[in-house]
Amino acid sequence: MSVETDRSSTESSAASGLDFEDTVLTLRLPGSSSSSSSDPDRKRASTSDPDRRSPVTESPPSPKARVVGWPPVRAFRKNALAAAASKAKFVKVAVDGAPYLRKVDLEAYPGYDQLLAALQDKFFSHFTIRKLGNEEMKLVDAVTGTEYVPTYEDKDGDWMLVGDVPWK
Amino acid sequence: MGRGGSRATGAAAPPWHALPDEVWEHAFSFLPTAADRGAAAGACSSWLRAERRSRHHLAVANCYAAAPRDAIERFPAVRAAEVKGKPHFADFGLVPPAWGGAAAPWIAAAADGWPLLEELSFKRMVVTDECLEMIAASFRNFQVLRLVSCDGFSTAGLAAIAAGCRQLRELDLQENEIEDCSIHWLSLFPESFTSLVTLNFSCLDGEVNITVLERLVTRCRNLKTLKLNNAIPLDKLASLLQKAPQLVELGTGKFSADYHPDLFAKLEVAFGGCKSLRKLSGAWDAVPDYLPAFYCVCDGLTSLNLSYATVRGPELIKFISRCKNLQQLWVMDLIEDLGLAVVASSCSKLQELRVFPSDHFGLGVLTERGLVDVSASCPMLESVLYFCRRMTNEALITIAKNRPNFTCFRLCILEPHTPDYITQHPLDAGFSAIVESCKGLRRLSISGLLTDLVFRSIGAHADRLEMLSIAFAGNSDLGLNYILSGCKSLKKLEIRDCPFGDKPLLANAAKLETMRSLWMSSCLLTLGACRQLARKMPHLSVEIMNDPGWSCPLDSLPDESPVEKLYVYRTIAGPRSDTPSYVQIV
């Protein structure tokens with residue numbers, strides 16, 4: 001028997017009372033069966049679902065199946081070492097009207113769509129993504145409806161529209 | 001309790017209990033700890049009055065244990081206050097965001113009742129820019145700001161501090177989440193400002209104006225501690241050191257650049273000038289080629305924090321072997337057993353060792369061997385934090401025999417439920433040896449495969465234990481019962497993923513009021529037991545945490561409902577009013 005990895009299952013089981021005698025819970029690795037979509041939210045649900053009463057794993061767990069908050073290392077340290085190790089390409093993003101800059105790791109996204117989704121995540125109070133008829137995604141202010149155009153400064157100092165140049 | 005002196009001269013000295021308060025206040029100033037002062041205050045009403053009115057330093061270990069107003073009323077003369085917020089396990093992501101721990105009520109109350117406040121220290125709390133602005137505006141004598149593992153503020157708040165606190169001596173930011181507003185907060189220290197003794201912005205993730213920093217460092221002739229962030233390039237570090245050769249403590253921030261002999265020479269000269277340097281940290285991404293530039297300061301170092309330096313064994317060893325006077329060493333497991341053997345033979349004055357895990361899964365060349373060596377050869381070693389992949393009972397028994405003077409022993413075996421890798425037995429015998437031998441043990445974290453037996457030993461022997469952390473251990477309710485019915489000095493207990501249920505909690509309800517707090521997550525608790533506990537113990541706050549994505553009024557749930565996270569603490573303030581929707585106070 002395996003634990004379903006979507007959120008609603010966790011909610012209903014908590015409400016009805018978890019079956020404590022069940023020690024055959026296993027944590028399914030993301031992408032192994034039902035979660036074949038690349039929806040990032042789904043992946044997050046599975047990695048954060050604590051592996052409650054599973055038996056000792058025989059082989060070293062893959063990073064995605066680790067238990068929440070274990071090993072007990074501060075988030076600050078984890079992030080610092082991850083940043084150093086991953087050769088992440090962090091860029092600072094400023095949004096007109098937002099008080100804080102946010103750092104975004106370009107290496108973490110496979111394409112422009114995911115980058116836009118991440119920007120929405122980080123500046124959520126400011127805009128949302130609107131999908132146009134032709135599958136194009138635009139960042140739109142959630143309140144006023146004005147469009148935000150992502151731009152960046154390239155190494156020559158010119159301002160470019162995000163999306164003009166191929167992702168790589 | 002004798003009479004106040006009837007001296008031969010006939011002068012009638014007042015009886016002791018009629019001595020003026022100032023005399024008692026002066027006497028109490030010699031008491032070394034807050035606990036001693038608390039005990040004195042309990043003796044009689046005049047001592048209570050004298051003690052509380054002369055208390056200058058107040059440590060509030062749980063911000064919800066008392067209301068800020070109460071603290072200020074009771075201790076009106078406080079000049080230095082330290083407040084802690086979220087439970088310790090918040091460090092590891094077990095407490096969802098917006099849980100609480102706001103510093104604002106404390107700062108507002110202090111602004112009102114402690115206008116002469118000089119020092120504020122917050123740990124694991126939410127500190128906003130408004131909080132920092134209020135500090136800058138309210139305390140004309142403000143000198144020390146220390147923020148540890150806090151969040152909620154940005155460089156705008158730092159700007160307010162820089163601009164407003166004319167007497168600032170210490171700005172110490174440790175491992176905080178600081179938003180970057182692109183404000184050049186450093187430039188807001190006025191040109192006339194020269195009082196800085198400590199400046200630590202190592203956790204700040206953003207650019208810093210180097211010229212401004214250099215000017216600040218140059219004019220603050222009393223600067224003793226400087227901890228830089230990642231934004232300072234190596235050649236600028238050298239210049240800064242030349243402007244501040246009096247430094248006692250240095251955090252280098254990033255320590256990498258392509259190797260260049262000129263830069264190396266510059267660094268060597270700069271370090272050579274720092275004759276007072278005793279504590280070194282930072283060295284993020286340290287490039288081994290530059291490490292020898294440090295060699296001239298090694299002999300004087302008492303504290304070395306290389307826990308962010310991804311330097312491997314051999315270079316690390318060459319460096320550490322020169323540090324004969326080290327008392328405190330923090331490293332990553334990249335030091336390996338071999339490196340720890342060198343530490344054992346070189347650093348005879350070592351008091352504290354912390355070995356953190358790097359992300360190198362499967363390498364396993366740091367084993368129990370390293371810890372055994374250090375414990376055998378470092379007679380003053382009393383505090384250990386050790387992350388490793390394997391351990392044996394024999395090693396722990398040896399360590400316990402070698403070092404009965406441990407006060408803090410935290411062992412984290414990375415894989416939960418790992419047994420003694422040679423015998424495959426649980427590690428009960430090893431940890432039992434530790435608590436039986438180390439009579440002064442105040443803090444303990446256990447890991448690996450453990451049965452209820454280890455808890456029997458801990459409950460019976462760990463008389464001075466104040467803080468205990470347990471994860472993935474035990475078989476049954478007995479385990480928790482042993483702890484709660486023993487451990488005379490227990491103040492903080494934190495438990496995760498253990499098969500402990502309602503019975504031991506309810507059977508030892510009274511114990512919880514003698515403790516500061518209890519955390520239990522992913523255990524076998526039910527809502528009914530928590531309700532009973534809350535009814536039985538009115539001075540305890542019983543907080544239940546649900547999945548933030550789902551909040552359901554507690555009243556509608558049956559007693560059998562499982563409780564995922566429980567946080568119980570004693571309080572004289574009643575239930576707090578700032579809980580998020582996923583926290584409910586029973």
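Here the structure is a predicted model, which is why all the values come from computation and not from measurement.

Some remarks on the overall build of chain B
- Of the regular secondary structure elements, chain B holds 21 helices and 23 strands.
- For a compact globule of 586 residues, the expected C-alpha radius of gyration is about 25 Å, and chain B comes in at 26 Å, within 12% of that figure.
- Along the first, second and third principal axes, the C-alpha atoms of chain B reach 70 × 70 × 70 Å.
- Residues counted as buried form 55% of the 586 residues belonging to chain B.
- Long-range contacts, defined as pairs at least 24 residues apart, comprise 71% of the intrachain contacts of chain B with a sequence gap of at least 6.
- Approximately 23400 Å² of chain B is accessible, and the part contributed by carbon and sulfur atoms is 53%.
- Treating the 60 positive side-chain charges of chain B as one cloud and the 63 negative ones as another, the clouds have centres 8 Å apart.

With respect to the overall build of chain A
- Across its full length, chain A carries four helices and seven strands.
- Written out in order from the N terminus, the α and β elements of chain A read α-α-α-β-β-α-β-β-β-β-β.
- When the accessible surface of chain A is totalled, it reaches about 10900 Å², and 54% of it is carbon and sulfur.

So, unusual backbone geometry
- Residue A:Pro71 is bonded to the preceding A:Trp70 through a cis peptide linkage, with omega at -5°.
- Among the structural elements, A:Pro71 can be located in the loop between α2 (40-48) and α3 (75-86).
- The phi dihedral of B:Glu175 is positive, around 50°, even though this residue is not glycine.
- On the secondary structure map, B:Glu175 appears in the loop between β6 (170-174) and β7 (177-179).
- Despite not being glycine, B:Asp497 shows a phi value in the positive range, around 55°.
- Structurally, B:Asp497 can be placed in the loop between β19 (492-496) and α19 (502-507).
- For B:Asp497, a relative accessible area of 8% corresponds to the buried category.

As for the side chain of B:Arg531
- With respect to the helices and strands, B:Arg531 occurs in helix α21 (residues 527-536).
- Of the polar contacts made by the side chain of B:Arg531, one reaches the side chain of B:Asp559; its length is 2.6 Å.

A few points about the pairing of β6(B)
Residue and element names in this part refer to chain B.
- Of all the five residues making up β6, four are buried; the element is thus mostly covered by neighbouring parts of the structure.
- One ladder, built from five bridges, connects strand β4 (residues 144-148) with β6; its direction is parallel. Note that in β6 the partner of Val148 across the bridge is Gln174.

So, the environment of B:Asp172
Residues and elements named next belong to chain B.
- By the secondary structure assignment, Asp172 is in strand β6.
- It is 6.3 Å that separates the C-alpha atoms of Asp172 and Leu147, two residues lying 25 residues apart in sequence.
- Within polar-contact distance, the side chain of Asp172 engages the side chain of Asn200 at 2.9 Å.

Quick notes on the state of the cysteines
Residues and elements named next belong to chain B.
- For the structure shown, the criterion picks out zero disulfides over all chains.
- Counting only cysteine sulfurs, Cys150 is the nearest neighbor of Cys203, a cysteine outside any disulfide, at a range of 9.7 Å.
- The exposure class assigned to Cys203 is buried, which follows from its relative accessible area of 8%.
- With no disulfide partner, Cys378 has as its closest neighbouring cysteine sulfur the one in Cys347, 6.7 Å distant.

Some words on helix α12 (residues 313-320) of chain B
Residues and elements named next belong to chain B.
- Along α12, the positions that sit buried rather than exposed are Gly313, Leu316, Ile317, Phe319 and Ile320. All buried residues of α12 project into a common sector of 165° when viewed along the axis, lining one side.
- Those residues of α12 hidden inside the fold are in contact with β11 (279-281), α11 (295-298), β12 (303-305), β13 (328-332) and α13 (336-346).

Quick notes on the packing of helix α6 (residues 129-138) of chain B against helix α7 (residues 155-164) of chain B
All names here are of chain B.
- Viewed as axis vectors pointing N to C, α6 and α7 meet at an angle of 5°, and their least axial separation amounts to 8 Å. Between α6 and α7, the angle is such that the two are roughly parallel. Every residue of α7 that contacts α6 at Asp129, Leu132, Glu133, Ile135 and Ala136 is listed here: Ala156, Gly157, Leu158, Ala160, Ile161 and Gly164.
- Each residue belonging to the contact of α6 with α7 can be placed in one class, and the counts come to seven nonpolar, two polar and two charged.

Regarding the packing of aromatic side chains
- Throughout the structure, instances matching the rule amount to 26 aromatic pairs over all chains.
- Here B:Arg576 stacks its cationic end above the ring of B:Trp99, 4.3 Å away from the centre of that ring.

Looking at the pattern of salt bridges
- What the rule picks out here adds up to 24 salt bridges over all chains.
- Between B:Glu543 and B:Arg576 there is a salt bridge, and its shortest N-O distance comes to 2.7 Å. With a gap of 33 residues between them, B:Glu543 in strand β21 (residues 540-545) and B:Arg576 in the loop between β22 (562-570) and β23 (583-585) connect regions that are remote in the sequence. With respect to burial, B:Glu543 and B:Arg576 carry one shared label: buried.
- If you follow the salt bridges from partner to partner, you end up with A:Arg74, B:Asp91, B:Arg124 and B:Glu175 in one network.

Here we look at the nonpolar core
- The biggest cluster of nonpolar side chains holds 193 residues, and the ones touching the most others in it are B:Phe122, B:Leu199, B:Phe409, B:Ile458 and B:Leu493.
- Excluding its chain neighbours within four sequence positions, the residues that come into contact with B:Ile458 are B:Val435, B:Leu444, B:Ile446, B:Leu465, B:Leu468, B:Ile483 and B:Cys487.
- Within the second largest apolar cluster, eleven residues are counted, among which are A:Val67, A:Val73, B:Phe356 and B:Ala471.

Topic: helix α5 (residues 104-113) of chain B
- For α5(B), the complete set of buried residues consists of B:Trp106, B:Ile107, B:Ala109 and B:Ala110. Considered in projection along α5(B), the buried side chains sweep an arc of 165° and stay on one side of the axis.

Focus on the confidence of the model for chain A
Residues and elements named next belong to chain A.
- Per-residue confidence for chain A averages 57 on the pLDDT scale, and 25% of its residues sit at or above 70.
- Within chain A, no element has a lower average pLDDT than α2, which sits at 36, and none a higher one than α3, at 78.
- Below a pLDDT of 50 lies the segment residues 1-65, which in the model reaches 69 contacts outside its immediate sequence neighbourhood of four places, other chains included.

Here is what the cut-offs are and how they apply
Residues numbered from 1 in each chain as written. Chains lettered and ligands numbered in written order. Predicted model: local features only at pLDDT ≥ 70, side-chain atom pairs only at ≥ 80, totals over all residues. Heavy atoms only, no water. Helix = DSSP H or I, 4+ residues; strand = E, 2+ residues; numbered from the N terminus. Rg over C-alpha atoms; globule rule 2.2 N^0.38 Å. Buried < 20%, exposed > 50% of the residue type's maximum accessible area, 1.4 Å probe, protein only. Contact = heavy atoms within 4.5 Å. Areas by Shrake-Rupley, 256 points an atom, 1.4 Å probe, with all protein chains shown as cover. Lys, Arg positive; Asp, Glu negative; His and termini not counted. Charge placed at Lys NZ, Arg CZ, Asp CG, Glu CD. Polar contact = N/O pair within 3.5 Å; in protein donor to acceptor, adjacent residues only side chain to side chain. Pairing = 2+ DSSP bridges. Disulfide = S-S within 2.5 Å. Arc of directions from axis to C-beta. Axes fitted to C-alpha atoms, helices over the stretch in contact; angles between N-to-C directions. Parallel < 35°, antiparallel > 145°, perpendicular 65-115°, else oblique. Nonpolar A, V, L, I, M, F, W, Y, C, P; charged D, E, K, R; others polar. Phe/Tyr/Trp six-rings, centres within 6.5 Å; stacked < 30°, edge-to-face > 60°. Lys NZ or Arg CZ within 6 Å of the ring centre and 35° of its normal. Salt bridge = Lys/Arg side-chain N within 4 Å of Asp/Glu carboxyl O. Core = buried A, V, L, I, M, F, W, Y, C linked by side-chain atoms within 4.5 Å. pLDDT = per-residue confidence, 0-100.

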